[in-house]
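As a plain string of letters, each chain reads:
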Amino acid sequence: MIYVWFLTCFWFSLSFSQQYYDETLCSSGVNKPGTRYTCRSSRNPCETFLVYRVHDEFRTIARISSLFSIDSDILVSINDNVTASSQVLETGHEVLVPVLCSCTGEFSQANLTYRVTENAALSEIACGVFEGLVKSIALAEENRLAENDNVVSGTLLRVPLRCACPDDHLSGGDHGVKFLITYPFVERDDTLKLGKKFNVSVEEIWKANHMDPTPTVYPNTTVLVPLKDKPFINFNIPVSDPPAPQFLPTMPVEKRARFSQLKKLYIAASAIGFCLILAVLLACGLYIKALKMFKAENFRSWTHRVSSFNLSSTPRSCPFSGPPTRSSTNSCLSPDFLVGIKYSLCNYSMEELKRATKNFSQDAKISSSVYRGVMDNGEVMIKQMKFEGTRRVIDVHSKINHVNVVKLHGVCYGEDDFSWSYLVFELPSSGSLRDCLSASSAALHWLRRTQIAFDIATGLHYLHHSVVPAYTHLNVSSKNVFLTSTWRAKIAIFEKECGSSKSPCGGVGAAKEDIFAFGVVLLELVSGREAVDDGELLSESMRFLGGGCNEGGCFDQLRKFVDPCLKDDYPLAEALCLAVLAGSCVEDDPLHRPSMDDVLKVLARMV
């Protein structure tokens, strides 16, 4: 049943999407997403615009208006840089043409009729007369013709011009899109130039057309430009070249002298390239040598600091070096232990920790054994734990360096009782995820919640797959996730509680426990409520994920389950996706839970 919900979720998410960009040639016989725009908006029909370029056959507004069956005065009033319908325009000049876009069957199109003036192929009409605003295969399908058919003079064709209406998602909220302008590309066009021409961000163009960042575009293909107001073309942007002719230019035969010049040019380029390669290799050698010298110098400096630390350390008993003696000046940090600590781990005194926490006052207490303090002009988190746990945590942190894991700064041992010690961690400024959710802060809006979920999953994926040997957290909760000032999530690794786990430390079973705990955190992110021991949050979420209600009723229950602080300002499809993903993570059978790879693939679609 969970997989059925996943399919429903992704279908619903696609309904919020706009159209696809078809990069195939205008004359191509291939049907792809974007060959004909599909009906995905409840606003059909709608008034919109398309861009048409002046060429030899259509040089005036009067000729263009007759082609599109529009009053020429309307075209003159829309295009501010045109003064009269009889004005002869420069080749390549772009003209805005208003059209009525409506649904015909499953396709969104502006319906037009065109009477052929002379015998021509369908590709000449689609790609020449209409400049790619319709593909030849769509023209053939609309008129029930074969794609390679020639059309005789006087034939009346139905022309389905590509157009689309903005859906409710784009037209509402902060988007406010009113028009999707159909724009045909020509040679040397790109989305960056197009964004400047219509004063719209290039990212919005990519999103409206399902494009990858910095895409490659092709002549006689179309793209939709999302606009929040009536279109206005900025002609200060260099005008694109007119449509290319439908034939290839001939090239004269090169003379032998020309061949000789090219041969000399190739030889010179080869010599220059060889010299550049030698220079790069030499630079790499010098860099490696300098890096080795730098590391050696750092190692000598670190050795000196460790020696100084051992000589100046306060004499005290070491828990793992035998009974104390009055003459002992050895530090409690043995050489083996220093290897695990690495070079950057600081050793703090109890006096420093007491000053940082105001003598471990109740005001500084975060939880039963965690305190907030200020050290070196920055906030830190001080965790009290047994000495054996301290060594395990230091060993883990010595192998970890990740942006989504809270960093360990230093360690301190008790003055009187060496069975207890303190670890000093960084403290992200926004506090724990649980505190932020309980505070019902409006700053924790939906986009930040999905980013937090992705950050936690990224950190767990790193621990499961990039640390050698693989590390399982076994204590994932909203109280152990902390948020930075920019609302990015970090997982705190305090101590692995293997004794309370149903699975052994490490292995697939332990990783599945992390995934279960991650699912609980996801449910807290969606609902804003804390997961309690009696399983109330899990049981409530399972009511609408278990399949015991119809589709409409499940959406109503989902809305009731979502955190009221969001005030319906969230995509319902994404909320459903997150809830279904959480439900799969908390499956009773660990084998039915997804892996962190699967979790990341789902969350990557939302951030």
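Residues numbered from 1 in each chain as written. Predicted model: local features only at pLDDT ≥ 70, side-chain atom pairs only at ≥ 80, totals over all residues. Heavy atoms only, no water.

- An unreviewed UniProt entry lists the protein under the name LysM domain receptor-like kinase, with Sesamum alatum as the source organism.

## Points about the sheet that holds strand 17 (residues 489-491)
Stage number 1. Strand order across the open sheet formed by 3 strands is 15-16-17, with antiparallel pairing between neighbours. The open sheet is flanked by strand 15 (431-432) and strand 17, the only strands paired with a single partner.
Stage number 2. Pairing between strand 16 (residues 481-483) and strand 17: 3 bridges, direction antiparallel. Across the sheet, Leu-483 pairs through a bridge with Ala-489, a residue of strand 17.
Stage number 3. Contacting strand 16 and strand 17, helix 14 (residues 446-465) runs over the sheet at an angle of about 30 degrees to strand 17. (Pairing = 2+ DSSP bridges. Helix = DSSP H or I, 4+ residues; strand = E, 2+ residues; numbered from the N terminus. Contact = heavy atoms within 4.5 Å. Axes fitted to C-alpha atoms, helices over the stretch in contact; angles between N-to-C directions.)

## With respect to the nonpolar core
Stage number 1. In this structure, Leu-433, Ile-456, Phe-518 and Leu-603 are the most contacted members of the largest nonpolar core, which totals 54 residues.
Stage number 2. Contributions of two or more residues to this core are made by helix 13 (433-438), helix 14, strand 16, strand 17, helix 15 (507-527), helix 17 (551-561), helix 18 (572-585) and helix 19 (596-604).
Stage number 3. Of all the elements, helix 18 adds the most residues to this core, at 10 residues.
Stage number 4. Once residues within four sequence positions are removed from consideration, Leu-603 is found in contact with Ala-453, Phe-454, Ala-457, Phe-518, Leu-578 and Leu-581. (Core = buried A, V, L, I, M, F, W, Y, C linked by side-chain atoms within 4.5 Å. Buried < 20%, exposed > 50% of the residue type's maximum accessible area, 1.4 Å probe, protein only.)

## A closer look at a nonpolar patch on the surface
Stage number 1. The grouping of Phe-274, Ile-277, Leu-278 and Leu-281 at the surface amounts to a nonpolar patch, some 440 Å² of accessible area in total.
Stage number 2. Residue placement: Leu-281 occurs in helix 9 (residues 256-312).
Stage number 3. Judged by relative accessible area, Leu-281 falls into the exposed class, the value being 57%. (Patch = residues over 30% accessible without salt bridge, like charges linked within 9 Å, V, L, I, M, F, W, Y side chains within 5 Å. Areas by Shrake-Rupley, 256 points an atom, 1.4 Å probe, with all protein chains shown as cover. Salt bridge = Lys/Arg side-chain N within 4 Å of Asp/Glu carboxyl O.)

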